[in-house]
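# A closer look at the structure
If you want the building blocks of each chain, they are given just below.
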Amino acid sequence: MRSSFKGLEIAIKGYQTEYNRYPLATANADETPMLSEGKILKALMAEDSELNPRKVRFLDPYAARGGKGGYLVDSAGVPRMVDIYGQPYRICIDYDGDGTIRDPQSENKTQPETLSSGVIIWSGGKDGDPATWKDNLASWQ
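Here the structure is a predicted model, which is why all the values come from computation and not from measurement.

Cut-offs applied
Residues numbered from 1 in each chain as written. Predicted model: local features only at pLDDT ≥ 70, side-chain atom pairs only at ≥ 80, totals over all residues. Heavy atoms only, no water. Salt bridge = Lys/Arg side-chain N within 4 Å of Asp/Glu carboxyl O. Helix = DSSP H or I, 4+ residues; strand = E, 2+ residues; numbered from the N terminus. Buried < 20%, exposed > 50% of the residue type's maximum accessible area, 1.4 Å probe, protein only. Polar contact = N/O pair within 3.5 Å; in protein donor to acceptor, adjacent residues only side chain to side chain. Contact = heavy atoms within 4.5 Å. Expected span 1.5 Å × (residues − 1). Arc of directions from axis to C-beta. Core = buried A, V, L, I, M, F, W, Y, C linked by side-chain atoms within 4.5 Å. Phe/Tyr/Trp six-rings, centres within 6.5 Å; stacked < 30°, edge-to-face > 60°.

As a further point, take the pattern of salt bridges. Applying the stated rule across the entire model yields seven salt bridges. For Glu 9, the salt bridge identified is with Lys 6, shortest N-O distance 3.6 Å. Placement of both Glu 9 and Lys 6 in helix α1 (residues 2-19) is noted, with a separation of three residues, approximately one turn of the helix. Using a relative accessible area of 44% as the deciding quantity, one classes Lys 6 as partly exposed. Among the salt bridges present, the one from Glu 37 reaches Arg 80, with a minimum N-O distance of 2.0 Å. With Glu 37 in the loop between β1 (34-35) and α2 (39-44) and Arg 80 in strand β3 (residues 79-82), this residue pair connects regions lying 43 residues apart in the sequence.

Following this line, the structure appears as structure tokens:
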């Protein structure tokens with residue numbers, strides 16, 4: 001899974017370098033985690049000419065086997081990157097450009113901690129629940 005984390009992170013940073021903004025950035029974008037599916041993947045894979053007008057392919061993921069551990073298109077036609085348990089990754093991007101992202105592991109604390117990063121990615125782990133950190137895998141750990 002670490003290679004999937006790194007591949008997504010490099011693709012997102014490559015997009016930022018090419019377009020001088022992160023994918024899906026808008027005037028009101030916040031650092032709310034998103035799933036590794038839909039528009040962000042279409043932008044990174046040059047499948048959306050509005051989000052990626054130069055049609056630069058930043059991400060070339062490997063196919064999921066049996067619906068797990070890679071890229072797939074679901075029955076509704078939505079592209080997804082899924083972990084080895086078949087769940088989409090969580091992605092958080094530093095849209096405000098301050099060089100930090102709130103550590104999702106410290107969400108329930110009075111003073112949430114921050115991570116020095118532009119992009120963080122994590123998996124809900126074997127139980128599929130991103131809120132239970134005992135089995136989660138994270139790009140920053």
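Within the secondary structure, Ser 4 sits in helix α1. Polar contacts involving the side chain of Ser 4 include one to the side chain of Tyr 62, which spans 2.6 Å. In this structure, Ser 4 is in contact with Tyr 62, Met 81 and Tyr 89, ignoring residues within four places of it in sequence.

Turning to α1, a few remarks are in order. For α1, built from 18 residues, the straight-helix expectation of 26 Å at 1.5 Å per residue is met to within 8% by its first-to-last C-alpha distance of 26 Å. Of all the positions in α1, only Ser 4, Phe 5, Leu 8, Glu 9, Ala 11, Ile 12, Tyr 15 and Tyr 19 are classed as buried. For α1, the angular spread of the buried residues around the axis is 160 degrees, confining them to a single face. Across from the buried face of α1, at angles greater than 90 degrees, the exposed residues are Ser 3, Ile 10 and Thr 17. The positive-phi residue at the C-terminal boundary of α1 is Asn 20, with phi of around 60 degrees.

Okay, unusual backbone geometry next. Phi at Leu 24 takes a positive value of approximately 70 degrees, unusual for a residue other than glycine. Backbone geometry places Lys 55, a non-glycine residue, at a positive phi of 55 degrees. With respect to the helices and strands, Lys 55 occurs in the loop between α2 and β2 (70-73). Residue classification places Lys 55 among the exposed positions, given a relative accessible area of 54%.

A word on the nonpolar core. Core analysis: the largest hydrophobic core is formed by 24 residues, its most contacted members being Leu 8, Ile 12, Leu 44, Ile 91 and Ile 93. When residues of this core are assigned to their parent elements, the largest contribution, six residues, is made by α1. What Leu 8 contacts, discounting residues up to four positions off in sequence, is Ser 36, Leu 41, Leu 44, Leu 59, Met 81, Tyr 89, Ile 91 and Ile 121.

Turning our attention to the packing of aromatic side chains. For the structure shown, the criterion picks out eight aromatic pairs. Seen from their ring centres, Phe 5 and Tyr 89 are 5.4 Å apart, and the 70 degrees between their planes marks the pair as edge-to-face. Within this pair, whereas Phe 5 is found in helix α1, its partner Tyr 89 is found in the loop between β3 and β4 (90-93), the two being separated by 84 residues in sequence. For the pair Phe 5 and Tyr 89, one class covers both residues: buried.

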